[in-house]
Amino acid sequence: MGIAAIIKYNGFLYCFVIFKSLKQLIYQCVIFQIIYVMIPAVLYLSVIVTSLSRFHKMSSPDPIIRSKQTEKNVNGISTEVVCTAFSNYIFVVLTQYRKIGTLISVTPESRSNDISTPSFSTKVLLGKDEPMTHVCAKNLATFVSQEAGNRPVLLGLALKDSSLDSVKQMKDIIRSCKVW
Amino acid sequence: MNEPQDRAQVEAISVHNFSEKILEQMVHFHVMKLSGGFFLWIGSSPVLSNLAVSVSSRYDSMPLSTLVMGDPSNTAPNSLSQRLAKKTKKQVFVSYSLPMTDSRLSLLVEDRIKKELELHPEHF
């Protein structure tokens, strides 16, 4: 760069630069462009993008309850499992009709004499109250409650086939949807 | 001719979550679409404090409703499931796990559900 002078006039700063050659003038223009035009533009854009993404996150945050689901074939019947974790319940839907069906709550018994073998009580909240329902529910949900730190289980049961072999396979399907 | 019905039967259970800030409070919604009905949970913390179920009846203009779980003095889950069953003509399970401090909240929550029903009917 050649000779430079800065003059203050009417509250504005004026900068005079005399360049040695045309080439130097072009270089200076390019540097001026990068420093004063492009960098602020990029910063400004990034601010807009981050605020937009924050706004987007505000409108749809991560769901506070986790759920997992799967579909498997059990002895020729399509069987679906959806497990949802609430802080006070594990909600398990085990269905061959795509319906909730019978609703059973499986609760660990508070007064159990032996710690190693806790007992569970089953209560049919909705649907047919049959002995077989209690057997299936206890068989299917006890391990869920135990693994979830003795959280009660709300079980939706709608089965076409509740043979021992099928129930065994269903337990594994529930295990594959672990949300606890 | 039965193709659409067959396809609907093959369709698996679907789960849909959405949230909305209502009266300075984040309200979360969780929908599980089932065959002929849906399960809807509404709450601000991940607690399942009650559960009501409603189903339309041919003998009454208002759907039949029962509380399956929770405090019977809280009528919010019953009435919401009843209104949703009437609107959707489906079996509706509702868990309304929000504090019952503001009566305006439940109205705004219901409006938000109706909006989602219109925007995304495929999830219900």
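As the structure is a prediction and not an experimental result, all values here were calculated from the model.

Novice: Any chance you could explain the packing of aromatic side chains here in plain terms?
Specialist: Geometry of an aromatic ring pair is reported as the spacing of the ring centres plus the angle between the planes. A full pass over the atoms with the stated rule returns five aromatic pairs over all chains. Note on A:Phe86 and B:Trp41: the rings are 5.5 Å apart at their centroids and 55° apart in plane angle, and the pair reads as tilted. Linking A:Phe86 in the loop between strand E4 (77-85) and strand E5 (90-95) with B:Trp41 in strand E3 (residues 37-43), this pair reaches from one chain into another. No difference in accessibility class separates A:Phe86 from B:Trp41, as the two residues are buried. Ring centres of A:Phe143 and A:Trp180 lie 6.5 Å apart, and the angle between their planes is 75°; on these two criteria the pair is classed as edge-to-face. One end of the pair, A:Phe143, is in helix H2 (residues 131-147); the other, A:Trp180, is in the segment after helix H3 (164-176), and 37 residues separate them in sequence. Judged by relative accessible area, which is 9%, A:Phe143 ranks as buried.

Novice: Quick question: what am I supposed to make of the packing of H2(A) against H3(A) here?
Specialist: Each packed pair of helices is defined by two parameters, the angle between the axes and the distance between the axes. Residue and element names in this part refer to chain A. Viewed as axis vectors pointing N to C, H2 and H3 meet at an angle of 25°, and their least axial separation amounts to 10 Å. With respect to H3, the element H2 is oriented roughly parallel. For the crossing formed where H2 meets H3, the hand is right-handed. In contact with Cys136, Asn139, Leu140, Phe143, Val144 and Glu147 of H2, H3 contributes Leu164, Val167, Met170, Lys171, Ile174 and Arg175. Classifying every residue of the contact of H2 with H3 gives eight nonpolar, one polar and three charged.

Novice: Sorry if this is basic, but what is going on with the interface of chain B and chain A here?
Specialist: The accessible area lost on association of the parts is a frequent measure of interface size. Counting residues at the interface gives 30 residues for chain B, matched by 27 residues for chain A. Note on chain B versus chain A: buried area summed over both sides is about 2400 Å², and carbon and sulfur give 70% of it. Counting the surface chain B buries against chain A, the share from its top three residues, B:Ile13, B:Pro46 and B:Leu48, is 24%. Counting the contacts that link chain B with chain A gives zero salt bridges. Here chain B is connected to chain A by seven residue pairs in polar contact (both at pLDDT 80 or more). Secondary structure elements with two or more residues in the side of chain B that touches chain A: helix H1 (3-10), strand E1 (14-22), strand E2 (25-34), E3, strand E4 (51-55) and strand E5 (64-69) of chain B. The biggest single contributor to the side of chain B that touches chain A is E2(B), with five residues. For the side of chain B that touches chain A, the class distribution of residues is 18 nonpolar, eleven polar and one charged.

Novice: What's the story with H2(A) in this structure? I'm lost.
Specialist: For an α-helix, the turn length of 3.6 residues means that residues three or four places apart are oriented alike. Residues and elements named next belong to chain A. End to end, H2 covers 25 Å across 17 residues, agreeing with the expected 24 Å (1.5 Å per residue, within 8%). Along its buried surface, H2 packs onto E5, strand E6 (102-108), strand E7 (120-126), strand E8 (153-158) and H3. Looking one or two places after H2, you find glycine 149, whose phi comes out positive at around 65°.

Novice: Which parts of the structure should I look at to understand empty space enclosed by the protein?
Specialist: Remark: the empty space left among the atoms is shown by a probe the size of a water molecule rolled over them. Under the defined criterion, the tally for this structure stands at one cavity of 30 Å³ or more. A volume near 30 Å³ is recorded for the largest cavity. Along its surface, the largest cavity is lined by A:Pro63, A:Ile64, A:Ile65, B:Asn17, B:Phe18, B:Ser19, B:His28, B:Phe29, B:His30 and B:Trp41. If you list the elements that add at least two residues to the lining of the largest cavity, you get E1 and E2 of chain B. Partitioned by chemical class, the residues of the lining of the largest cavity number six nonpolar, four polar and no charged.

Novice: In this structure, what is going on with the nonpolar core? I would like to understand it.
Specialist: One recurring pattern in soluble globular proteins: nonpolar side chains tend to sit buried together. If you look at the biggest cluster of nonpolar residues, it comprises 29 residues, and the most contacted ones within it are A:Ile174 and A:Trp180. Of all the secondary structure elements, the ones that give two or more residues to this core are E4, E5, E6, E7, H2, E8 and H3 of chain A.

Novice: Would you take a moment to explain the pattern of salt bridges for this structure?
Specialist: Side chains carrying opposite charge are able to pair once their charged atoms draw close together. Residue and element names in this part refer to chain B. Following the criterion strictly, the structure yields nine salt bridges over all chains and no others. We note a salt bridge from lysine 33 to glutamate 11, for which the minimum N-O separation is 3.1 Å. Taken together, the residues span a long stretch of sequence, with lysine 33 in strand E2 and glutamate 11 in the loop between H1 and E1 at a distance of 22 residues. Of the charged contacts in the structure, one is a salt bridge between glutamate 110 and lysine 114, with a shortest N-O distance of 3.3 Å. Residue glutamate 110 and its partner lysine 114 are both found in helix H3 (residues 103-119); the two are separated by four residues, about one turn of the helix. Residue classification places glutamate 110 among the buried positions, given a relative accessible area of 6%. The class for lysine 114 is partly exposed, based on a relative accessible area of 29%.

About the criteria used
- Residues numbered from 1 in each chain as written.
- Chains lettered and ligands numbered in written order.
- Predicted model: local features only at pLDDT ≥ 70, side-chain atom pairs only at ≥ 80, totals over all residues.
- Heavy atoms only, no water.
- Phe/Tyr/Trp six-rings, centres within 6.5 Å; stacked < 30°, edge-to-face > 60°.
- Helix = DSSP H or I, 4+ residues; strand = E, 2+ residues; numbered from the N terminus.
- Buried < 20%, exposed > 50% of the residue type's maximum accessible area, 1.4 Å probe, protein only.
- Axes fitted to C-alpha atoms, helices over the stretch in contact; angles between N-to-C directions.
- Parallel < 35°, antiparallel > 145°, perpendicular 65-115°, else oblique.
- Left-handed = near helix turned anticlockwise from the far one by under 90°.
- Contact = heavy atoms within 4.5 Å.
- Nonpolar A, V, L, I, M, F, W, Y, C, P; charged D, E, K, R; others polar.
- Buried area = accessible area lost by both parts, 1.4 Å probe.
- Salt bridge = Lys/Arg side-chain N within 4 Å of Asp/Glu carboxyl O.
- Polar contact = N/O pair within 3.5 Å; in protein donor to acceptor, adjacent residues only side chain to side chain.
- Expected span 1.5 Å × (residues − 1).
- 1 Å grid on protein atoms, 1.4 Å probe; cavity = no way out; pocket = protein on both sides within 12 Å on 5 of 7 lines; lining within 4 Å.
- Points joined across faces, edges and corners; volume = space filled by probe spheres on them.
- Core = buried A, V, L, I, M, F, W, Y, C linked by side-chain atoms within 4.5 Å.

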